[in-house]
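Given next are the chains, with one letter for each unit.
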Amino acid sequence: MAEFQWPWQYNFPPFFTIQPNKDTQAKQLEAWCLLVLSYCRHRRQYSLDVTDAQDSPLFHNQKIGRKLPLEAVYTVLEELRKKGNIEWTDPKKRNRCLIMWRTPEEWGKIIYQWVTSNGMNNTVCTTYELVNGDDTSNQEFHGMESWLLTRALQTLQIERKAELMGSEGVKFF
Amino acid sequence: MRRRGVGAGAIAKKKLAEARYKDRGTEIAADQLAQMSKQLETFQKHLEEFATKHKDDIRRNAEFRRQFQEMCAAVGVDPLASGKGFWSEMLGIGDFYYELGVQIVEVCLATKPRNGGLIMLDELRERIAGKSRARQDVSNDDLLRAIKKLKVLGSGFTAIPVGGGRYLVQSVPGELNMDHTTVLQLAEGSGFVSESSIVSKLRWEKERAQRVLDHMVKEGLAWVDDQATEGRQYWFPALFPDPAG
């Protein structure tokens, strides 16, 4: 895995303090949202445990000794939830969330594009080989977790581009 | 063909004439006046010939350009003074600085979301040099002249010296007063200040220091950092290097 490119803000100490100036704060939160999504995308991470994340390099820059406070972590995650990029698995406690750095619709499009360019229309395949097979090893959706794959395929199903067959198969049109 | 105009010869001549009429005690002999006037006109003509001959060098070489500007200034000639005339039409020197001005505005607008409208001259130069091959040899001197021109045009542009020959370029209209620029100068080495460092280094009262800091935060020029051991620090994105560009 290539080294993750941190944005300039990550090494800027104030980035880890929620800013009092509203306009600056808006820019800051937007940058954090982008950082969380690109970090998870880089690591192919589909879920996030808040406690673990707080101590991870994502929210804790050891080099400059700055850590995003828990309350601020929740502020950032709430922004992402509003945008549709995360979903709490436990909305009351908010310990863990699912991450969608791409929406299910976007994933659906990408998968279908791959299917078409590989001439797999009107064929059936297992969901396993779709995201774990050698053929897709260089695709962004390789290794995708099943909950997200299902949602992505469901968006294609609505468009009549695919049909789910049980929980393990899918037919593409 | 005699050119009417704003050249050094015409100005000098006028001044001499004025001096002559003003100070009756000092009578400048008519032939001395004529001689001086002719010398200046000759000099200006030589300057024009020189400029034409070295047109390409002037465009391509920053050091040459700087020395040429100084030569011109020494005889009261400002190649950037007007849009018309020998200098801008023949040499395109006006164009050079005009185009540079446009690029300065572009870079400042593009980086404003990050730095609030304040950028180090060095960073500005690097970004412009990165934009095109023709801009490889743009110097800080070139930029400062172009910024001066922009300022005359009524834009919000200003270059603020921060010591050691370094400058901060301000591109937003909000006036920075002396207190603000002093704090920026203090912050320049490390990229940040605190209320206590201002009080101890500049010997200001707390309220004065806080006023300046609040203003900087309000203008989006400074961000606050509450995780430093010594108390709240104020960091300036303009003074924080962004290697990614």
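Basis of the calculations
Residues numbered from 1 in each chain as written. Chains lettered and ligands numbered in written order. Predicted model: local features only at pLDDT ≥ 70, side-chain atom pairs only at ≥ 80, totals over all residues. Heavy atoms only, no water. Helix = DSSP H or I, 4+ residues; strand = E, 2+ residues; numbered from the N terminus. Buried < 20%, exposed > 50% of the residue type's maximum accessible area, 1.4 Å probe, protein only. Contact = heavy atoms within 4.5 Å. Areas by Shrake-Rupley, 256 points an atom, 1.4 Å probe, with all protein chains shown as cover. Pairing = 2+ DSSP bridges. Axes fitted to C-alpha atoms, helices over the stretch in contact; angles between N-to-C directions. Core = buried A, V, L, I, M, F, W, Y, C linked by side-chain atoms within 4.5 Å. Parallel < 35°, antiparallel > 145°, perpendicular 65-115°, else oblique. Nonpolar A, V, L, I, M, F, W, Y, C, P; charged D, E, K, R; others polar. Buried area = accessible area lost by both parts, 1.4 Å probe. Salt bridge = Lys/Arg side-chain N within 4 Å of Asp/Glu carboxyl O.

**Q** Can you break down the overall build of chain B residue by residue, with the values?
**A** If you tally the helices and strands in chain B, you get eleven helices and six strands. Looking at chain B as a whole, 42% of its 245 residues qualify as buried. Across chain B, every contact between residues at least 6 apart in sequence was considered, and the portion connecting residues at least 24 apart equals 54%. Put simply, chain B shows about 14,200 Å² of open surface, and 54% of that area lies on carbon and sulfur atoms.

**Q** Describe the environment of B:Asn140, with residues and values.
**A** Residues and elements named next belong to chain B. Among the secondary structure elements, asparagine 140 is positioned in helix H8 (residues 140-152). For asparagine 140, a relative accessible area of 22% translates into the label partly exposed. With 36 residues separating them in the primary sequence, asparagine 140 and leucine 176 have C-alpha atoms 22 Å apart.

**Q** So, the sheet that holds strand E3 (residues 167-170) of chain B: which residues are in play, and what are the values?
**A** Residues and elements named next belong to chain B. Taken in spatial order, the three strands of this open sheet run E1-E3-E2, and their pairing is antiparallel. Sheet topology places strand E1 (118-120) and strand E2 (158-161) at the edges, where each strand pairs with a single neighbour. Within the sheet, the average angular offset between the axes of one strand and its neighbour, ignoring direction, is 30°. Bridge count for E1 against E3 is three bridges, and the pairing is antiparallel. Residue pairing across strands places isoleucine 119 opposite valine 169, the latter belonging to E3.

**Q** Summarise the nonpolar core; cite the residues concerned and give the values.
**A** Ranked by size, the top nonpolar core spans 58 residues in total, and within it A:Leu130 and A:Phe172 carry the most contacts. In terms of residue count, the dominant contributor to this core is helix H1 (residues 22-42) of chain A (nine residues).

**Q** Could you give an account of the packing of helix H9 (residues 178-187) of chain B against helix H11 (residues 206-218) of chain B, with specific residues and numbers?
**A** How two helices pack is summed up by the angle between their axes together with the distance between the axes. Residue and element names in this part refer to chain B. At a minimum axis separation of 10 Å, H9 and H11 run at an interaxial angle of 85°. If you check the angle between H9 and H11, you find them roughly perpendicular. Listed contacts from H11 to Asp179, His180, Val183 and Leu184 of H9 are Arg208, Val212, Leu213, His215 and Met216. A per-class count over the contact of H9 with H11 returns five nonpolar, two polar and two charged.

**Q** Before we move on, can you summarise the environment of B:Asn61 with the specific residues and values?
**A** Residue and element names in this part refer to chain B. Inspection of the secondary structure puts asparagine 61 in the loop between helix H3 (55-60) and helix H4 (62-74). Accessibility expressed as a relative area gives 33% for asparagine 61, which makes it partly exposed. Taking the C-alpha atoms as reference points, asparagine 61 and glutamate 219, 158 residues apart in sequence, are found 38 Å from one another.

**Q** An account of the interface of chain A and chain B is requested, with residue identities and associated values reported.
**A** Each partner contributes to the interface: chain A provides 18 residues, whereas chain B provides 19 residues. Summed over both partners, the interface of chain A with chain B comes to about 1,600 Å²; 63% of that surface belongs to carbon and sulfur atoms. The three residues of chain A that bury the most area against chain B are A:Trp8, A:Phe12 and A:Arg66, which together make up 38% of that side's buried surface. Inspection of the region where chain A meets chain B yields one salt bridge. One salt bridge in this structure joins A:Arg66 and B:Asp225, with 2.7 Å as the shortest N-O distance.

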